[in-house]
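Chain residues, written in single-letter form:
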Amino acid sequence: MASNWRALNALSGATDARPRAGAAIKADCYGLGVDTCLPALRDAGARRFFVAHWSEVGAALRHIAPDQLAVLHGPVRGEDVAYAVSTGVIPVINSLDQARRWTAGGGGGGGGTCHLMIDTGINRLGIAPADLSDPAIAALNVDIVMSHLASADEDSAVNAQQLRLFRDCLPAVPHRMASLANSAGIALGPDYAFDLTRPGLALYGGIPRPELSGSIAQTAYLDAAIIQTRMLQPGDAVGYNGEFTAQKPMRVGTVSLGYADGFLRGRGPSGGNNPALFHGQTALPLLGKVSMDMVVVDLNDAPELGEGDWLSVPYNLPDAAQHCALSQYELLTVLGRRMLL
């Protein structure tokens, strides 16, 4: 993970004295655990961090200073303003209402630092460019002006359109830094880097564009234990609804892995795949539906395996995403807490 951050920082145009890549640590560091990931990213050199919800602040502040952390969803309620002021965490302002709320709650008037999100085409969060001249925006003490790319993982004309609009908006708001690129945006080249990039997926082993494939390493490695073996006879059905029926005598293993761990049914045979867990290089096909806590594998090619032996779960994100209906983002963020060591 630290190596991934350093690679993305270099691609963002960093120098030794000035990091250019921040880190999105929302959703418990994309499912891999704040207490494990955040110290590694901090020690690698990251200095700016982003969460989505105010509920994520406490875990992050165990490892970094409040002024290093920003909350992307902004001060939606008055209590969010009070919490930001009391902790020193930086809100991202996404609307005129949020701007007024921040100023009225003691965060404005040139005293409380905030970031400002401008919507340049994704139509989720952010100030409309036409609203940048509003007095509520002029009252803000803006550190980072940012926007978010909608199609950076594609070769889309929308990327250049958003880049032009973002550049056009920057003179309208006094600010210290500008930020546009996510992980995929970094791969679009230096024009998208500005002062700070905000990688997320690529920190954790995801590859949203092929240009990053030589720079980003797999981060999450999953293992699961066999908890029982049994012999099936012809006609024996496996799991819920009996979707697999043995055609010959066969030895199978029940493995402690299921959709409560983030191994969703879409990754099993019922998702239209031909999936397998692995013992070394030996593929052990999954049989029947994925249950909440268990899957069943064919042990025909690994007769030496028994209870307590461990199997590896394919978790190279680009490869895994090609074999199921889940995106690389979903494969990470659905991981269950009991999978984390």
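Bear in mind the structure is a predicted one, so any value in this text is a computation, not a measurement.

*Asks:* Got a minute to help me understand the overall build of the protein in this structure?
*Replies:* For the protein, the helix and strand inventory stands at 11 helices and 15 strands. Along the first, second and third principal axes, the C-alpha set of the protein runs to 75 × 40 × 35 Å. Out of the 341 residues belonging to the protein, those deemed buried represent 51%. The long-range share in the protein, meaning contacts at least 24 apart out of those at least 6 apart in sequence, stands at 62%. In the structure as shown, the protein presents an accessible area of about 15000 Å², 51% of it carried by carbon and sulfur atoms. The protein carries 25 positive and 32 negative side-chain charges, and their two centres are separated by 4 Å.

*Asks:* Help me out: how do you make sense of the pattern of salt bridges in this one?
*Replies:* In the structure shown here, the tally under the stated rule is 15 salt bridges. Residue Arg62 pairs with Asp35 through a salt bridge whose shortest N-O separation is 2.9 Å. With Arg62 in the loop between helix H4 (57–60) and strand S3 (69–71) and Asp35 in helix H3 (residues 34–44), this pair connects stretches of sequence that are 27 residues apart. Through salt bridges that share partners, Arg77, Glu79 and Asp80 make up one connected network.

*Asks:* Sorry, what's going on with H3 here?
*Replies:* Because the α-helix completes a turn every 3.6 residues, residues three or four places apart line up on one side. All of the buried residues in H3 are Val34, Cys37, Leu38, Pro39, Leu41 and Ala44. Looking at the buried positions of H3, the neighbouring elements they touch are helix H1 (2–11), strand S1 (23–24), helix H2 (26–30), strand S2 (49–51) and H4. At the C-terminal side of H3, Gly45 shows a positive phi close to 130°.

*Asks:* Could you clarify how one ought to interpret helix H8 (residues 157–169) in this entry?
*Replies:* Here H8 is 13 residues long and its end C-alpha atoms lie 19 Å apart, about the 18 Å a rise of 1.5 Å per residue gives. Buried residues of H8: Asn159, Gln162, Leu163, Phe166 and Cys169, and no others. Looking straight down H8, one finds its buried side chains confined to an arc of 130°; they lie on one side. Seen from the buried face of H8, the exposed residues on the opposite side, beyond 90 degrees, are Ala157 and Asp168. Among the residues of H8, the N-terminal cap falls to Ser156, whose side-chain oxygen and the backbone nitrogen of Val158 are separated by 3.1 Å.

*Asks:* Help me out: how do you make sense of the pairing of strand S11 (residues 250–255) in this one?
*Replies:* Taking burial as the measure, the six residues of S11 include five buried ones, the bulk of the element. As paired strands, strand S8 (residues 222–232) and S11 are joined by six bridges and run antiparallel to one another. The residue bridging Leu232 from the neighbouring strand is Met250, located in S11. As paired strands, S11 and strand S14 (residues 295–298) are joined by four bridges and run antiparallel to one another. Paired with Thr254 across the two strands is Val296, which belongs to S14.

*Asks:* When you look at the packing of aromatic side chains in this model, what are you seeing that I'm missing?
*Replies:* Describing an aromatic ring pair means giving the distance of the ring centres and the angle of the ring planes. What the rule picks out here adds up to three aromatic pairs. Taking 5.1 Å as the distance between ring centres and 85° as the angle between the ring planes, the aromatic pair formed by Phe166 and Phe194 counts as edge-to-face. Separated by 28 residues along the polypeptide, Phe166 in helix H8 and Phe194 in the loop between helix H9 (183–187) and S8 bring together distant segments of the chain.

*Asks:* Sorry if this is basic, but what is going on with the side chain of Asp261 here?
*Replies:* One can find Asp261 in the loop between S11 and strand S12 (276–279). What Asp261 contacts, discounting residues up to four positions off in sequence, is Ser256, Met292, Val334, Leu335, Gly336, Arg338 and Met339.

Rules used throughout
Residues numbered from 1 in each chain as written. Predicted model: local features only at pLDDT ≥ 70, side-chain atom pairs only at ≥ 80, totals over all residues. Heavy atoms only, no water. Helix = DSSP H or I, 4+ residues; strand = E, 2+ residues; numbered from the N terminus. Buried < 20%, exposed > 50% of the residue type's maximum accessible area, 1.4 Å probe, protein only. Contact = heavy atoms within 4.5 Å. Areas by Shrake-Rupley, 256 points an atom, 1.4 Å probe, with all protein chains shown as cover. Lys, Arg positive; Asp, Glu negative; His and termini not counted. Charge placed at Lys NZ, Arg CZ, Asp CG, Glu CD. Salt bridge = Lys/Arg side-chain N within 4 Å of Asp/Glu carboxyl O. Expected span 1.5 Å × (residues − 1). Arc of directions from axis to C-beta. Polar contact = N/O pair within 3.5 Å; in protein donor to acceptor, adjacent residues only side chain to side chain. Pairing = 2+ DSSP bridges. Phe/Tyr/Trp six-rings, centres within 6.5 Å; stacked < 30°, edge-to-face > 60°.

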